Structure formats: structure tokens, C-alpha cells
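The primary structure of each chain is shown beneath.
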Amino acid sequence: MNAASVSARQALELLQADAWGVALGLPLGTLVLADVRMGRLDQVADLLAEPFPEAMLRSRYGLHYLYARGHYRLATGQARSALADFLQCGKPTPRWALRGTGPVPWRTSAAEARLRLGKQDQAGLLARDELSRLSPDSHRARGLALRVVEQHLTRTFRKLDVKRRQDLS
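Calculation notes
- Residues numbered from 1 in each chain as written.
- Predicted model: local features only at pLDDT ≥ 70, side-chain atom pairs only at ≥ 80, totals over all residues.
- Heavy atoms only, no water.
- Helix = DSSP H or I, 4+ residues; strand = E, 2+ residues; numbered from the N terminus.
- Buried < 20%, exposed > 50% of the residue type's maximum accessible area, 1.4 Å probe, protein only.
- Contact = heavy atoms within 4.5 Å.
- Patch = residues over 30% accessible without salt bridge, like charges linked within 9 Å, V, L, I, M, F, W, Y side chains within 5 Å.
- Areas by Shrake-Rupley, 256 points an atom, 1.4 Å probe, with all protein chains shown as cover.
- Salt bridge = Lys/Arg side-chain N within 4 Å of Asp/Glu carboxyl O.
- Phe/Tyr/Trp six-rings, centres within 6.5 Å; stacked < 30°, edge-to-face > 60°.
- Core = buried A, V, L, I, M, F, W, Y, C linked by side-chain atoms within 4.5 Å.
- Axes fitted to C-alpha atoms, helices over the stretch in contact; angles between N-to-C directions.
- Parallel < 35°, antiparallel > 145°, perpendicular 65-115°, else oblique.
- Left-handed = near helix turned anticlockwise from the far one by under 90°.
- Nonpolar A, V, L, I, M, F, W, Y, C, P; charged D, E, K, R; others polar.

Summing up its helical and strand segments, the chain has nine helices and zero strands in all. Secondary structure elements in the chain, listed N-terminal to C-terminal, are α-α-α-α-α-α-α-α-α. Here the chain, with 169 residues, has 40% of them falling under the buried criterion. Sequence separation of 24 or more characterises 56% of the internal contacts of the chain that already satisfy a separation of 6 or more.

On the surface, a cluster of nonpolar side chains totalling about 220 Å² of accessible area is made up of V22, L26 and Y61. Residue position: Y61 is located in helix 5 (residues 60-75).

This next bit is on the pattern of salt bridges. Within this structure, the stated rule accounts for eight salt bridges. Close ionic contact of D85 with R69 constitutes a salt bridge, the shortest N to O distance being 2.7 Å. One end of the pair, D85, is in helix 6 (residues 79-89); the other, R69, is in helix 5, and 16 residues separate them in sequence. By relative accessible area, which is 15% here, R69 ends up buried. For R133, the salt bridge identified is with D129, shortest N-O distance 3.0 Å. Taken together, the positions of R133 and D129, both in helix 8 (residues 120-133) and four residues apart, correspond to about one turn of that helix. In this structure R133 comes out as partly exposed when scored by relative accessible area, which is 38%. The network of salt bridges with shared partners includes R107, D129, E130 and R133.

If you walk through the whole model with that rule in mind, you get two aromatic pairs. Ring centres 4.8 Å apart and planes at 50° place the aromatic pair F52 and Y65 in the tilted group. You can see F52 sitting in the loop between helix 4 (41-49) and helix 5 and its partner Y65 sitting in helix 5, a full 13 residues away along the chain. Judged by its relative accessible area of 1%, Y65 is buried.

So, on to the nonpolar core. Within the largest apolar cluster, 34 residues are counted, with the highest numbers of intra-cluster contacts made by L28, V32, F86 and C89. Broken down by secondary-structure element, the contributors of at least two residues to this core are helix 1 (2-14), helix 3 (25-37), helix 4, helix 5, helix 6, helix 7 (106-116) and helix 8. Per-element tally for this core: the top contributor is helix 5, with seven residues. With residues near it in sequence (within four places) discarded, F86 still touches Y67, G70, H71, L74, W106, S109, A110 and A113.

Attention now moves to the side chain of S109. Structurally, S109 can be placed in helix 7. Excluding its chain neighbours within four sequence positions, the residues that come into contact with S109 are Y67, H71 and F86.

Let us now look at the packing of helix 3 against helix 5. In the contact formed by helix 3 and helix 5, the axes pass within 7 Å of each other and the chain directions differ by 20°. Classified by the interaxial angle, the pair formed by helix 3 and helix 5 is roughly parallel. For the crossing formed where helix 3 meets helix 5, the hand is left-handed. For the pair helix 3 and helix 5, the contacting residues are G25, L26, L28, G29, V32, L33, V36 and R37 in the first and Y61, H64, Y65, Y67, A68, R69, H71, Y72 and A75 in the second. For the contact of helix 3 with helix 5, the per-class residue count stands at eleven nonpolar, four polar and two charged.

Have a look at this one:
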């Protein structure tokens, strides 16, 4: 994660933010997500407070920014706002012709937000949908989705008071 953060920061230092145009979403999203994963939430708050071209959110590059901002919001206890960001990633313009899961695994992250909001069934559906779209070599994305499915099953079993495999029969 540190390498991603350093590389994204270096890219952003090469050009001023306004020179990037809508492409700003890719390095900025990379930096935000890497810093969230490393727990640098104060630094991320500063990054997210910076202005950006509004058109970025309507571009493919904006998906990376929305996805990263969603993870910041999830990390800071704003599950509803995070869910809105992740779901926005799922509304691409048809002319982009995105296949499979698209450039960011938004369904898995939306499932995680739904779990935090107590919406286990909806979370399970999103995670299974993500799994059905993955190519066989999508190991990381598959692992992320399976983690959410496991969380969904764990919460369901707790609700049903299932403590052991034998309790299922």
C-alpha cells in the first residue's frame, strides 16, 4: 500500500490538479484508497476536501475516486454515504461498455456497507452477484467477495443461533 501511495502522490506532484482534468480521479482515487488502507484518515480528509473537476464524477476515472471515497466513508463510520458512493459506481454510462465487474469491485464494497447497515440479505445478494461476474483469474476480487459472503453467513448463523455445523441439520 505504501508503494501505491508514494506513486500516486508523485504522479499528482508532476501536474497541478487542474491540468489532470477528469483523469485526476485515477491517481487521486489510488492515493485516497491506499491512505485509507494504511489508516491515514486525517490525510485522506484533507485530500477529499480539495476541489476537483465536477465532470470527473461522470467519467471512468471518477469511478476510482468514488470507490476510494466510499472506503474512506466506510472507515469513518459513514456507511450510508459509503453505500451511495459504491452504488454510484454501478451506474456507468452505457457508452463505456464495461464488462464483468468493471474497473472497481463496487458490489463487494456495497455489500460490506449493507452489512454495516444491518442489511444482511441485500449484502449477500451483491456479493454473490460479484462472484458470478468474476473471471477465473480474478483471485483478489474473489477473495474480497468471499470475505463478505462469509460475514453474511456468520451474521445469519448468529441470528439463527447456529453455533456448530451439527446445528444445521
